[in-house]
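Structure assessment
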Amino acid sequence: MAESPPPIATLDGVSAGHGQQIALHDVTLAIPAGVIVGLVGPNGAGKTTLLRTLLGVLRPLTGTVTAPPRIAYMPQLGPGAWDFPLTALDVTLQGGYRRVGWLRRPGAGERAAARAALAAVGMDALARRQVGRLSGGQRQRVLLARALMQEAQLLLLDEPLSGADALTEATFLETLGTLRDGGRSAVVSTHDLGWAATQCDVLCLLAGRVVACGPPDQVLDAERLAEAYGAALLDLGGVRILAPEGHHSH
């Protein structure tokens, strides 16, 4: 029997946080190559902290992190983050700065790669539009194009579909499938359990620690969800969905 390939990234006994606030406790996790990993859990569960720790911008308080040299990160950005005079092409080109350097003007090769990345997310026709004039879904797709420009082995996506339109969601699914087919991996944080259950290969349920990690049908178990969320659960359409505290279904 063939041995499994080594994981693309690992966390081993990692605790992390900001100052005295520890958001992750003793997390051990292996991310295989060619998979989509969904991070799910309530607000404050440590999803963004885990992504930032994998990225290397947050040093773990304990434990070790191994990750590939090239990682792309797509952060959550509020509306105020777009008040600057850059075009969709300019933002996408930022994805190549690690290769060409911040002080050198992008050459024809980088510009062609940026346009190809925009085309891959259906935004090539709007390459010259200022990002402040784009819709929320279009901005999300520009951020995805910037991440694709980095040609990373691992993509970290923080709530990429929050408020996204149907076209943006379809684009994300197609892009994630292409990455997976190419042996690359993505770690996607999301509050949407239904989306995670159907679109991710592996789910990691967090609540300041790893409550469960594995195939979606094993992780989205009523007992584990109750342990993580401490909320009422509604069974809708075969996928267990959380009801907010105090909510009663009709």
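Our subject in this report is the structure included herewith. (Residues numbered from 1 in each chain as written. Predicted model: local features only at pLDDT ≥ 70, side-chain atom pairs only at ≥ 80, totals over all residues. Heavy atoms only, no water.)

Now for the nonpolar core. Within the largest apolar cluster, 46 residues are counted, with the highest numbers of intra-cluster contacts made by Leu118, Leu155, Leu176 and Leu205. Top element by residues in this core is helix α5 (residues 136-149). It accounts for seven residues. The contacts of Leu155, once residues within four sequence positions are left out, are Ala72, Ala147, Leu148, Leu179, Ser185, Ala186 and Val187. Core analysis: the second largest hydrophobic core is formed by 24 residues, Ile8, Ile31, Ile71 and Cys204 among them. (Core = buried A, V, L, I, M, F, W, Y, C linked by side-chain atoms within 4.5 Å. Buried < 20%, exposed > 50% of the residue type's maximum accessible area, 1.4 Å probe, protein only. Helix = DSSP H or I, 4+ residues; strand = E, 2+ residues; numbered from the N terminus. Contact = heavy atoms within 4.5 Å.)

Moving on: the pattern of salt bridges. A side chain with one charge may pair with a side chain of the opposite charge, provided their charged atoms come close. Scanning the model with the defined rule gives three salt bridges in all. Of the charged contacts in the structure, one is a salt bridge between Asp201 and Arg180, with a shortest N-O distance of 3.0 Å. Linking Asp201 in the loop between α7 (193-199) and β8 (202-206) with Arg180 in helix α6 (residues 166-181), this pair joins segments that are 21 residues apart in sequence. Using a relative accessible area of 30% as the deciding quantity, one classes Asp201 as partly exposed. (Salt bridge = Lys/Arg side-chain N within 4 Å of Asp/Glu carboxyl O.)

This next bit is on the sheet that holds strand β7 (residues 185-189). Strands belonging to one sheet form pairs held by backbone hydrogen bonds; the direction of such a pair is parallel or antiparallel. If you trace the six strands from one edge of the open sheet to the other, you get β5-β6-β7-β3-β8-β9, paired in mixed fashion. Edge strands, defined here as strands with exactly one partner in the open sheet, are β5 (71-74) and β9 (210-214). Sheet twist, expressed as the average angle between the axes of neighbouring strands with direction ignored, equals 15 degrees. Alignment of strand β3 (residues 36-40) against β8, held across four bridges, turns out to be parallel. Across the sheet, the residue bridging to Val40 is Leu205, located in β8. Packed on one face of the sheet, α5 meets β5 and β6 (154-158) and runs near 170 degrees to β5. Packed onto the sheet, helix α9 (residues 222-229) meets β3, β8 and β9 and runs at close to 40 degrees relative to β8. (Pairing = 2+ DSSP bridges. Axes fitted to C-alpha atoms, helices over the stretch in contact; angles between N-to-C directions.)

We now examine the sheet that holds strand β1 (residues 9-18). With respect to topology, three strands assemble into an open sheet ordered β2-β1-β4, the strand pairing being antiparallel. With partners counted over all chains shown, the strands left at the sheet margins are β2 (21-31) and β4 (62-66), one partner each. Taken pair by pair, the neighbouring strands of this sheet meet at an average axis angle of 30 degrees, ignoring direction. Sheet topology places β1 next to β4; four bridges connect them, and they run antiparallel. Counted as the bridge partner of Leu11 is Val65 from β4. Along the sheet, helix α1 (residues 47-55) contacts β1, β2 and β4; its crossing angle with β1, the most-contacted strand, is approximately 120 degrees.

On to the packing of helix α4 (residues 108-120) against α5, then. Where α4 meets α5, the closest approach of the two axes is 8 Å, and the angle between their N-to-C directions is 130 degrees. Accordingly, the angle class assigned to the pair α4 and α5 is oblique. Relative to α5, the crossing made by α4 is right-handed. Of α5, the residues touching α4 (which contributes Glu110, Ala113, Ala114, Ala117, Leu118 and Ala120) are Val142, Ala145, Leu148 and Met149. Class assignment of the residues belonging to the contact of α4 with α5 gives a composition of nine nonpolar, no polar and one charged. (Parallel < 35°, antiparallel > 145°, perpendicular 65-115°, else oblique. Left-handed = near helix turned anticlockwise from the far one by under 90°. Nonpolar A, V, L, I, M, F, W, Y, C, P; charged D, E, K, R; others polar.)

This part is about the pairing of β6. Note on strand geometry: in a regular strand, side chains alternate between the two faces of the sheet. Of all five residues making up β6, five are buried, and the element is well covered by its neighbours. The alternating pattern of β6 places Leu154, Leu156 and Asp158 and Leu155 and Leu157 on opposite faces, both of which are buried. Across four bridges, the pairing between β5 and β6 is parallel. The residue bridging Met74 from the neighbouring strand is Leu157, located in β6. Summarising the sheet, β6 and β7 pair through five bridges and their orientation is parallel.

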